[in-house]
Amino acid sequence: MDDITQIRTRIDQIDNQIIGLFQERMAEADKMAEAKRASGSAVLDRSREREKIAGAADQVPSKLKPVTTALMQLMMSASRLEQTAKLVGRSPYATAIERALETTPQLFPADADVACQGVEGAYSQIAADRLFTRPRISYFDRFEGVFKAVEQGFCEYGVLPLENSTAGSVNSVYDLMMKHDFHIVRSTRLQVNHSLLAKPGTRLPDVHDVYSHQQALSQCGAFLSTLDKVKVHVCANTAEAARLVAESDESGAAALSSASCAELYGLEQLARNVQDQSGNFTRFACITKDLQIFPGANRASLMLVTSHEPGALFKVLSSFYALGINIVKLESRPLPDRDFEFMFYFDIECPAVAPEFGSLLAELAGTCEELRYLGSYSEVI
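Scoring rules and cut-offs
Residues numbered from 1 in each chain as written. Predicted model: local features only at pLDDT ≥ 70, side-chain atom pairs only at ≥ 80, totals over all residues. Heavy atoms only, no water. Buried < 20%, exposed > 50% of the residue type's maximum accessible area, 1.4 Å probe, protein only. Helix = DSSP H or I, 4+ residues; strand = E, 2+ residues; numbered from the N terminus. Pairing = 2+ DSSP bridges. Expected span 1.5 Å × (residues − 1). Polar contact = N/O pair within 3.5 Å; in protein donor to acceptor, adjacent residues only side chain to side chain. Contact = heavy atoms within 4.5 Å. Axes fitted to C-alpha atoms, helices over the stretch in contact; angles between N-to-C directions.

S.K.: So what exactly am I meant to see when it comes to the pairing of strand β3 (residues 157–164) here?
M.R.: Where a strand is regular, its side chains alternate between the two sheet faces. Most of β3 sits inside the fold, with 8 of its 8 residues counted as buried. Of the pairings in the sheet, the one linking strand β1 (residues 111–117) to β3 comprises 3 bridges and is parallel in character. Of the residues in β3, the one forming a bridge with Cys116 is Val159. For β3 and strand β11 (residues 281–288), the ladder comprises 6 bridges, and the chain directions are antiparallel. Bridging across to β11, Leu160 finds its partner in Ala285.

S.K.: Please explain helix α1 (residues 4–39) as it appears in this structure.
M.R.: Relative to the 52 Å expected for 36 residues at 1.5 Å per residue, α1 spans 51 Å between its end C-alpha atoms, a close match to the ideal helical length. Taken as a whole, α1 has its buried residues at Met26, Ala29, Ala33 and Lys36. Of the residues trailing α1, Gly40 is marked for its positive phi of about 75°.

S.K.: Could you clarify how one ought to interpret the pairing of strand β14 (residues 342–349) in this entry?
M.R.: In terms of burial, β14 is largely enclosed, as 6 of its 8 residues are buried. Inspection of the sheet shows strand β13 (residues 326–334) paired to β14 by 8 bridges, in the antiparallel sense. From the neighbouring strand, Pro334 faces β14, where its bridge partner is Phe342.

S.K.: Please explain the side chain of Ser169 as it appears in this structure.
M.R.: Inspection of the secondary structure puts Ser169 in strand β4 (residues 168–169). There is a polar contact of 3.1 Å between the side chain of Ser169 and the side chain of Lys329. When neighbours within four sequence positions are excluded, Ser169 is seen to be in contact with Leu162, Glu163, Tyr174, Gln215, Lys329 and Glu331.

S.K.: Any chance you could explain unusual backbone geometry here in plain terms?
M.R.: Leaving glycine aside, a negative phi is the common case for residues, and trans is the common case for peptide bonds. Phi is positive for Lys229, which is not a glycine, with a value near 55°. Residue class for Lys229 comes out exposed when judged on its relative accessible area of 73%. Located in the positive-phi region is Asn273, a residue other than glycine, with phi close to 50°. With respect to the element layout, Asn273 can be found in the loop between β10 (268–271) and β11. Residue class for Asn273 comes out partly exposed when judged on its relative accessible area of 49%.

S.K.: Would you mind going over the sheet that holds strand β6 (residues 195–198) with me for this structure?
M.R.: Sheets are built from strands paired through backbone hydrogen bonds, the pairs being either parallel or antiparallel. With mixed pairing, the 5 strands of this open sheet are ordered in space as β8-β7-β9-β6-β10. At either end of the open sheet lies a strand with only one pairing partner, and these are β8 (231–234) and β10. If you compare each strand with its neighbour and ignore which way they point, the axes differ by 35° on average. Here 3 bridges tie β6 to β10, and the two strands are oriented antiparallel to one another. Across the sheet, residue Leu197 finds its bridge partner in β10, namely Gln269. Contacts from helix α10 (residues 238–247) reach β6, β7 (209–212) and β9 (253–257) within the one sheet, and its direction differs from that of β9 by about 155°.

Printed below as a string of structure tokens:
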């Protein structure tokens, strides 16, 4: 029986052959790019890729078919990236990014007209105060009002919650992203601490109705289960819940809201920090209509639709992998009126000026049914 050293030696020899053959393959990909340029052919030939992958899978035992398929798809992705870089040249995305880098101010604005959902004291307002030194905030009843205010030029910027570390993504915001024209220019994470607020003189045992946003209610489930016969009511946001309790004549009403809303609406804190997890953060995005890329932007967001066929998402992911681009968030939302088809939302770590980013956009534009570049930005901690 061969020992480990002998087996490793042979594996190393085979690996060296594979690497050499891969380099030869990539050199042929360069030649293919020139041949396609001369003939006017497209980079992507789906039928040939499908035949190649099926042919490779037919040559190996059943247990190796899945990994062989993945290997072939990764090699083809690398080949497409190489050909795209030579054939596509400057894409519309590259032109838009260059223009944004030239025209965006060097400093993020201190003063701005900002749209937020809710009322004074809402977490979106707190996030806006973190992003801007002196924001002039306009409030809207719904998230769609924020998108429309930015889209129609009523406010230059808007602040929207994207996800919570405990309750997950704000699905209604992601669904609205598919409908509206906007770009992300900055993001921030805000620690969310919920308190139970009520009118002065109310005791904790007196509370029988609790008002708050759906996510806040889900984030405080353990605490709510300790309250006897309490009925919960969903509000548009936590600040609206606090205001409702302050204006109500009902005794025994309380709100799950921020401590700042207690002072704002003349309420008392019956219990503090009642969320299930102490490390409870909500991530907010700052949006604007036109593409702006401020200095230090090291993240980007994309929305895309893949073809409705097996392996389509894997092909997209292999492009990120081949270019060494880290994905920090991947969200999927169902497409309206299209059964079992999805819009995929990506947050990635990659500066807009990085060559890899341009290659990625060019590749995805050629392989996806739809692609939207939502912007490049940095996150304020």
